[in-house]
Amino acid sequence: MLHRRTVGDVMTEEVITLRTDTPLHQIASLLDANDIAAAPVIDDEGVPIGVVSASDVLRHETGMPDPQGQDGNDERAWGKARARTAGALMSSPVFTARADWTIPRAARELHRRHVKQLPVVGDHGLLTGIVSRSDLLTAFIRSDVEIRGEVERDVLGRILSLEEGTVAVEVRDGAVTLRGHVPESRLVPVVVGLCQGVDGVVAVDAHLAAGRAGPGAAPH
């Protein structure tokens, strides 16, 4: 099978964390100094129990609760507006990801939860990293050279065991063009499907004929 990059491949392992008693001024300083939009709050064991975002801090500075009502009931919203520590300001429960999740699964979870990042936890619920939208995008922003190499090496060579040179691969802006021949016609959709599964591929245009082509017989 192709190696599909996972959350563990793209996540940030060195995470800026907060404790429930971290004071507000320190939260603001940490977020600003590290240029991050949010930080997880962990307990004494290292388990994430909440998240404090820059927007939480900004709303606090106005002295008003979330105007969109995303903080839940009025009592909770006004409590966050008066917060002095991470424990009072954080959003909880915290939504988490696992390192073995695929990139699409993590992206769907970010979209479903309406969040910009997810703490990543291990088997015992301990924090092991954090993954953001920008981290996930790196899986799709790959050079054409990288994509071509994976198609030639893994799809055509390792998986399909095609002889070198039977299929020419061109990649431009993530779009893969295949020209050549395959042993059987039923392999054409297989080749296309496998290429579509390569991270960073945006389209596949296959000009493939079945059977062994003679000199100059490859499709154009």
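Residues numbered from 1 in each chain as written. Predicted model: local features only at pLDDT ≥ 70, side-chain atom pairs only at ≥ 80, totals over all residues. Heavy atoms only, no water.

- For the chain, an unreviewed UniProt entry supplies the name CBS domain-containing protein and the organism Streptomyces cynarae.

**As for the overall build of the chain**
Part 1 of the argument: Across its full length, the chain carries nine helices and eight strands.
Part 2 of the argument: Residue burial in the chain is summarised as follows: out of 220 residues, 39% are buried.
Part 3 of the argument: Long-range contacts, defined here as pairs at least 24 residues apart, represent 59% of the contacts in the chain between residues at least 6 apart.
Part 4 of the argument: Of the roughly 12800 Å² that the chain leaves accessible, carbon and sulfur atoms contribute 51%. (Helix = DSSP H or I, 4+ residues; strand = E, 2+ residues; numbered from the N terminus. Buried < 20%, exposed > 50% of the residue type's maximum accessible area, 1.4 Å probe, protein only. Contact = heavy atoms within 4.5 Å. Areas by Shrake-Rupley, 256 points an atom, 1.4 Å probe, with all protein chains shown as cover.)

**What to know about the sheet that holds strand β5 (residues 127-132)**
Part 1 of the argument: Taken together, the three strands give an open sheet; going across it, the order is β3-β4-β5, and neighbouring strands pair in mixed fashion. In this open sheet, the two strands that pair with only one neighbour each are β3 (97-98) and β5. (Pairing = 2+ DSSP bridges.)

**Quick notes on a nonpolar patch on the surface**
Part 1 of the argument: A grouping of L137, F140 and I141 is seen on the molecular surface, where their side chains present a nonpolar patch of about 340 Å² in accessible area.
Part 2 of the argument: One can find L137 in helix α7 (residues 133-137). (Patch = residues over 30% accessible without salt bridge, like charges linked within 9 Å, V, L, I, M, F, W, Y side chains within 5 Å. Salt bridge = Lys/Arg side-chain N within 4 Å of Asp/Glu carboxyl O.)

**Section: the sheet that holds strand β6 (residues 167-172)**
Part 1 of the argument: An order of β6-β7-β8 is seen for the three strands of this open sheet, with the pairing classed as mixed. Only two strands of the sheet have a single partner each, and these edge strands are β6 and β8 (203-210). Neighbour to neighbour, the strand axes of the sheet diverge by 10° on average, direction disregarded.
Part 2 of the argument: For strand β7 (residues 175-182) and β8, the ladder comprises eight bridges, and the chain directions are parallel. (Axes fitted to C-alpha atoms, helices over the stretch in contact; angles between N-to-C directions.)

**Here's the deal with the pattern of salt bridges**
Any two side chains of opposite charge can pair, given that their charged atoms come close.
Part 1 of the argument: Within the structure shown, the criterion is met by 11 salt bridges.
Part 2 of the argument: R19 is the salt-bridge partner of D44, the closest N and O atoms lying 3.2 Å from each other. Of this pair, D44 sits in the loop between β1 (38-42) and β2 (48-53) while R19 sits in the loop between α1 (7-10) and α2 (24-33), and the two are 25 residues apart along the sequence.
Part 3 of the argument: Each of E109, R112 and R113 takes part in one network of salt bridges that share partners.

**Description of the environment of P119**
Part 1 of the argument: With respect to the secondary-structure elements, P119 resides in strand β4 (residues 117-121).
Part 2 of the argument: Among the residues examined, P119 registers a relative accessible area of 2% and is labelled buried.
Part 3 of the argument: Between the alpha carbons of P119 and A99 there is a distance of 9.9 Å; along the sequence they are 20 residues apart.
Part 4 of the argument: For P119, the residues in contact, after removing those within four places along its chain, are P40, P48, V51, V94, F95, T96, A97, L127, G129 and I130.

**A few points about helix α8 (residues 144-159)**
Part 1 of the argument: The sharpest bend along α8 comes to roughly 25°, located at V151.
Part 2 of the argument: Residues of α8 that are buried: I147, E150, V151, D154, V155 and L156.
Part 3 of the argument: Those residues of α8 that are buried are in contact with β6, β7 and α9 (187-196).
Part 4 of the argument: Looking one or two residues past α8, S161 carries a phi angle of roughly 55°, positive in sign. (Bend = angle between axes of the 7 residues up to and from the residue.)

**Focus on the nonpolar core**
Part 1 of the argument: The biggest cluster of nonpolar side chains holds 20 residues, and the ones touching the most others in it are V151, L156, V176, L178 and V191.
Part 2 of the argument: Mapped by element, the contributors of at least two residues to this core are α8, β6, β7, α9 and β8.
Part 3 of the argument: Formed by 13 residues, the second largest nonpolar core is a distinct cluster that contains V10, A97, I103 and A106. (Core = buried A, V, L, I, M, F, W, Y, C linked by side-chain atoms within 4.5 Å.)

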